[in-house]
Each structure stands twice: as structure tokens, then as C-alpha cells.
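Spelled out from the first residue to the last, the chains are:
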Amino acid sequence: MKDEKKLGLMSLILMIFTSVYGFNNIPRSYYLMGYAAIPWFVIAGILFFVPFAFMVAEFGSAFKDETGGMYSWMCKSVGPKYAFIGTFMWYTSYVLWMVNVSSGIWVPVSNLIFGEDCTSGWSFFGSEFLSGSRLLGLMAVVFFAFITYFDSKGVDKISKVTSIGGTAVLTINIMVVVGSILMIIARGGQLQQPFEGLESLKTPLNVAYQGSPIMLLSFIVYALFAYGGIEAVGGLVDKTENPKKNFPKGIVIAAMVIVVGYASLIMLVGSFTNYSEILGNDSITLGNVSYVIMSNFAAEIGKVFGASVATQVSLAHGFARVYALIMLLALMGAMFTLVYSPLKQIIEGTPKELWPGKMGELAEDGMPKNAMWIQCAIVSIMVLMVSFGGDTMQQFFVILTAMVNVGMTVPYMFISFAFPKFKKLNGIDRSFVVFKSQTSANFWGYIVTLTLFFANVFAIIQPALDGDIKTTFWSLSGPVVFGLGAWIIYTRYEKKIERGEVEAEAMEETATQAE
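Residues numbered from 1 in each chain as written. Predicted model: local features only at pLDDT ≥ 70, side-chain atom pairs only at ≥ 80, totals over all residues. Heavy atoms only, no water.

**With respect to the packing of helix 2 (residues 25-33) against helix 12 (residues 243-272)**
In a packed pair of helices, the relevant descriptors are the angle between the two axes and the axis-to-axis distance.
Then step 1. Across the interface, helix 2 lies against helix 12 with an axial gap of 9 Å and an inter-helix angle of 60 degrees. When the axes of helix 2 and helix 12 are compared, the pair comes out oblique. Viewed along their axes, helix 2 and helix 12 form a crossing whose handedness is right-handed. For the pair helix 2 and helix 12, contact is made by Asn25, Ile26, Ser29 and Tyr30 and by Tyr262, Leu265, Ile266, Val269 and Gly270, respectively.
Then step 2. Here the residues of the contact of helix 2 with helix 12 are counted per class, giving six nonpolar, three polar and no charged. (Axes fitted to C-alpha atoms, helices over the stretch in contact; angles between N-to-C directions. Helix = DSSP H or I, 4+ residues; strand = E, 2+ residues; numbered from the N terminus. Parallel < 35°, antiparallel > 145°, perpendicular 65-115°, else oblique. Left-handed = near helix turned anticlockwise from the far one by under 90°. Contact = heavy atoms within 4.5 Å. Nonpolar A, V, L, I, M, F, W, Y, C, P; charged D, E, K, R; others polar.)

Structural data, given as C-alpha cells:
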């Protein structure tokens, strides 16, 4: 049998980079903080990204024969109930992502058709009630039902567009870097948004963040979210050449590349985007800021090379359409995959008896069809509740983004908190070790957990302190409602075990079976 080809150092770095780096984080961070976002990316990299990546690498190496993923890690380290709640909250973070994307996907559609974001002016046959965020909510429900229907039929081949979108997004990064450098040279080193050294790094361009320590601390959740996806590196240890040497080196190099990449691109956005001129109005939202900045990028290239105003406008609209098409392909591909993949993984990794009714049943083609339609109902209800909340379009996207940022970073706390207990286990594979002592494991396990905890606390309470109770409510609702839901589901399962309806070992055995 032919040996599996191992990953070299460069291949490992590229895999970590593609799993973590997200271009959309750059324009959003610039919009929220300007150059002052850069130090927070460095802090999040030191306190979260690097140590957490090493933790999941140790988990993945020790339990490389287990196919239950993070459920297996936490189950064997802490216990099945803890593991189920943590894994369920990891799954529901994708539910929140689906709420966000199904509502926000109309922004690239608008840019693709019109060359700019017109969604705030859309209405259903002129109805004021069914306009703006309300109309986007209804369209999101129809769109998500459409995706669920096709996925339930097993039509998942459309997800191949993800690779096209991913390649195109990489091309966009290269274009922004090259184009920005050319514009800086053409302007004799002048930046559109002046950089004043330490003052620019500590003072946000966004007035909402100026003079507010809580606002500044709440931004770290955006930086933590930008490093999301690193749990995927846990399974790469045994696939790497000379892992004891190459894996730690790969993590550190990848981390440096990603941190420098984010910092450099934020700087380059400032080279062609004057904050007050381009981003200083109420029509800019977290949903459309990427398209606004990319349109401006194309217009500025035209301007610096002497194009007429009409040509600059044409370039802006044309590039907005290209960027929108790229993002639409990437989001559609991700949506077709993620509507069923995390749900299928958690259902296959747990006993059928755990789930209420027929939710735990898989169809003949292996698709969790019953659970997918329940998921569709939950996503639709959340979308409608947020969209009919009476908020402006700007606030609508603030709420959606806050929900996703909190929802996707909270589950990491379960893994980092379980790590010190994992280090105490005996009789497991310790062939790959970064944290040499129990003391270092305890220190970094709790540092990462506390970083995640306090970042999310600040992100949740900050809107309420400014009078925005809705954003705080929705940010908190995901982890609380889904965490409570997971606790109820598992408690119900425990009672079944007590009544003798289910084998007590079923959960542990299932964790070691197929994902």
C-alpha cells in the first residue's frame, strides 16, 4: 500500500493560512477602527491564535484515531455532557452564520446587478412596511428554504464554486497589494488616510470608539473571529513531515504571516481610503463596507493614473460587480456545504436516541433531512425576528455581525478550558507535545479561556452601555439559548439512560465512530 504523502513545512503553512485568513475581516476592521485595529490583531494572535493552535494540535495528535473531532477531545478530557454542550454550541455558531449570510447575501447581489449596494432602498411593490431590512429578512427565508430543499435532495455539487471563489479572493488580495503600492509610488509616498505613527495605532478613526475603553476592548472579538477556523489544524499533526520540528515552526510562521497580512492590508486600505470622505456616512454598514472600499480602490486607481471622473465611476461600478460575483460564488458554495455538513457531523457523532423525535435519523443518502428542515425553521425564525425589529439597515448588520462574532468564539472556550484536564490524562499518545509541563498547560489554557471570556463579555455589554439593548440581547441570545437547549437535550437523554431505555455507553462509543 502506497504511503500517504506528508505535508512539508510550506504546504502546512499554506493550509493553516487558507483555513484562517479571511479578506473580508480587513475592510470591516478598517471601518470599525482604522489603523488602530492593528495592535488588537497582534494581541489576539499572542493571547489566542498561537497557544490555541498548539492546544488543538496536541488534542489532534493524541486522539488521531478518533473520528469524533472536538467532541472526542472534550468527552475524554472532561465528560460527555460537557463535550456535547461545547460541540452543540460549535454547531449552532454555524446556525448564526447562516442567519447572517442568508440576510447579507443580497448585498453582493445588489452590487452585481447595479454596481453598488441599493438594498436599503428596496421595497416590495412600493410597500414601506416590506422594505429595507424587513424585505431582506423575507428574501433570506426564501433563499434559505431553497438551499435546504436542494441540499436535502443531495444536490451538493454546487459547493464546488467555493474553490473558484477562494481562488478569486486570493487574486483580489494580490490586486489590492500591487494596486496600493503603485498608488503610493504614484503619489510620492502619500497615503489617503494619513498615518501618524503611534497616535494612529492607539486612536480609532471611528468616533464611536474614541474615548471608550469598553468599545476598544469589545473590538478584540472581531480580531478573535478573524483567527477562527484554527480548530481545523488539529488533524494535520500526523499528516506533517517531522511534526515535532515542523508543526510548531509552521504554526508560528503561519501566525506571523497572518498577523502581518492583516496588519499590512489594513495599512494599505488606508493608502487609498480617506476615512471621513468614504466611510463617514450612515449608508455604510458592516454588510456593504467591503464593496464600498473595493469600489473606491478601483476609482482611486483610475484617479491616480489620470482617468476622467466618468471613467472612475465606471471602474468603481465594474470592480464592485467583479468583487460581488467572487463573494457571491464563495458564499453560495460555503452555504450549500455548511447547511448540512456541521449538522451531519454532530448527528453522526452522537446516538440517535439523544435527539428528540426523528431529528437524529439519517436518510438513505446519509443526509440528516429531518434535522435540516428543523434547522431551516430555526434560522428563518431568527432572521425574521432580527429583520422585523425595526432597526436601520446599518443597525441590522451590526446585530447580525455581533451575533456571529460572539457565537463563533464562545465554543473555543470549551476546548481551551478542557486542555489542562487533557494534560492530566494517562495512557494516551503524547508523541507531539508543545506545553511540556502541567503548569504551562494550566497557564495557557486559562489565559486563552479568559481572553475569550472577557472579549465576549465586553462585546456583549458594550452596546447596552451605549443604549443599544437589542445588539446586546441578540449577541447574548445565541450562546444562552443554544447552550440551554444543549443542556436540556442531554439531560433528557440522561433520564432515558436512568429509565433503562438507552445504553449508558452509547454516547462514548458513538464518539469513536464515523463523524
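This is not the end of the story, as more comes after the structure.
**Re the pattern of salt bridges**
Then step 1. Per the stated rule, a full pass over the model turns up four salt bridges.
Then step 2. Put simply, Glu300 and Arg187 hold a salt bridge, and the shortest N to O gap is 2.6 Å. With a gap of 113 residues between them, Glu300 in helix 14 (residues 289-304) and Arg187 in the loop between helix 8 (161-186) and helix 9 (198-202) connect regions that are remote in the sequence. A single burial state applies to Glu300 and to Arg187, both of which are buried. (Salt bridge = Lys/Arg side-chain N within 4 Å of Asp/Glu carboxyl O. Buried < 20%, exposed > 50% of the residue type's maximum accessible area, 1.4 Å probe, protein only.)

**Focus: the nonpolar core**
Then step 1. The biggest cluster of nonpolar side chains holds 163 residues, and the ones touching the most others in it are Phe23, Phe48 and Tyr227.
Then step 2. Ranked by residue count, the leading element in this core is helix 18 (residues 393-423), at 17 residues.
Then step 3. The contact partners of Phe23, leaving out residues within four places of it in the chain, are Val169, Ile172, Asn173, Val176, Leu265, Met294 and Tyr323. (Core = buried A, V, L, I, M, F, W, Y, C linked by side-chain atoms within 4.5 Å.)

**As for the side chain of Ser152**
Then step 1. Tracing the backbone shows Ser152 in helix 7 (residues 132-152).
Then step 2. Looking at Ser152, its side chain comes within polar contact range of the main-chain oxygen of Tyr149, at 2.7 Å.
Then step 3. The contact partners of Ser152, leaving out residues within four places of it in the chain, are Asp365, Lys369, Met372 and Trp373. (Polar contact = N/O pair within 3.5 Å; in protein donor to acceptor, adjacent residues only side chain to side chain.)

**Section: the environment of Phe396**
Then step 1. Inspection of the secondary structure puts Phe396 in helix 18.
Then step 2. Phe396 gets classed as buried once you look at its relative accessible area, which sits at 1%.

**Re the pairing of strand 2 (residues 127-131)**
Then step 1. Pairing analysis gives two bridges linking strand 1 (residues 123-124) to strand 2, with the strands arranged antiparallel. Bridged to Ser123 within strand 2 is Ser131.
Then step 2. Counting the residues that bridge the hairpin from strand 1 to strand 2 gives two residues, and of these Phe125 lies at a positive phi of roughly 50 degrees. (Pairing = 2+ DSSP bridges.)

**Things to note about the packing of aromatic side chains**
Then step 1. For the structure shown, the criterion picks out 41 aromatic pairs.
Then step 2. Here Tyr30 and Tyr35 contribute two aromatic rings whose centre-to-centre distance is 6.1 Å and whose plane-to-plane angle is 75 degrees, an arrangement assigned as edge-to-face.
Then step 3. When the ring of Phe417 is compared with that of Tyr446, the centres are 6.1 Å apart and the planes differ by 50 degrees; the resulting orientation is tilted. On the criterion of sequence distance, the pair formed by Phe417 in helix 18 and Tyr446 in helix 19 (residues 438-465) is long-range, its members being 29 residues apart.
Then step 4. Here the aromatic residues Phe17, Tyr21, Phe41, Phe49, Phe219, Tyr222, Tyr227 and Tyr262 are joined through ring pairs into a cluster of three or more.
Then step 5. For Arg430, the ring lying beneath its charged end belongs to Phe422, and the centroid distance is 4.6 Å. (Phe/Tyr/Trp six-rings, centres within 6.5 Å; stacked < 30°, edge-to-face > 60°. Lys NZ or Arg CZ within 6 Å of the ring centre and 35° of its normal.)

**Comments concerning the packing of helix 4 (residues 70-77) against helix 18**
Then step 1. The N-to-C vectors of helix 4 and helix 18 enclose an angle of 45 degrees; their axes lie 9 Å apart at closest approach. Judged on the interaxial angle alone, helix 18 and helix 4 are oblique. For the crossing formed where helix 4 meets helix 18, the hand is left-handed. Along its contact with helix 4, which presents Met70, Trp73, Met74 and Ser77, the element helix 18 presents Phe414, Ile415, Ala418, Lys421 and Phe422.
Then step 2. For the contact of helix 4 with helix 18, the residue count by class is seven nonpolar, one polar and one charged.

**A word on the confidence of the model for the protein**
Then step 1. Looking at the protein, pLDDT values average 84 and 92% of them are 70 or higher.
Then step 2. Within the protein, no element has a lower average pLDDT than helix 21 (residues 506-511), which sits at 47, and none a higher one than helix 19, at 92.
Then step 3. In the predicted structure, residues 509-515 sits below a pLDDT of 50 and forms 22 contacts with residues beyond four places in sequence or in another chain. (pLDDT = per-residue confidence, 0-100.)

**Structural notes on a nonpolar patch on the surface**
Then step 1. Together, Leu170, Ile174, Val178, Leu182 and Phe305 line one region of the surface with nonpolar side chains, adding up to about 490 Å² of accessible area.
Then step 2. Its location among the elements puts Val178 in helix 8. (Patch = residues over 30% accessible without salt bridge, like charges linked within 9 Å, V, L, I, M, F, W, Y side chains within 5 Å. Areas by Shrake-Rupley, 256 points an atom, 1.4 Å probe, with all protein chains shown as cover.)

**Details of helix 5 (residues 80-104)**
Then step 1. Spanning 25 residues, helix 5 covers 36 Å between terminal C-alpha atoms, matching the ideal 36 Å at 1.5 Å per step.
Then step 2. Burial within helix 5 is extensive, with 23 of its 25 residues counted as buried. (Expected span 1.5 Å × (residues − 1).)

**Structural notes on the side chain of Thr449**
Then step 1. For Thr449, the position within the fold is in helix 19.
Then step 2. At 3.3 Å, the side chain of Thr449 and the backbone nitrogen of Phe417 are in polar contact.
Then step 3. Polar contacts involving the side chain of Thr449 include one to the main-chain carbonyl oxygen of Gly445, which spans 2.7 Å.
Then step 4. With near-sequence residues (within four places) excluded, Thr449 lies in contact with Met413, Ser416 and Phe417.

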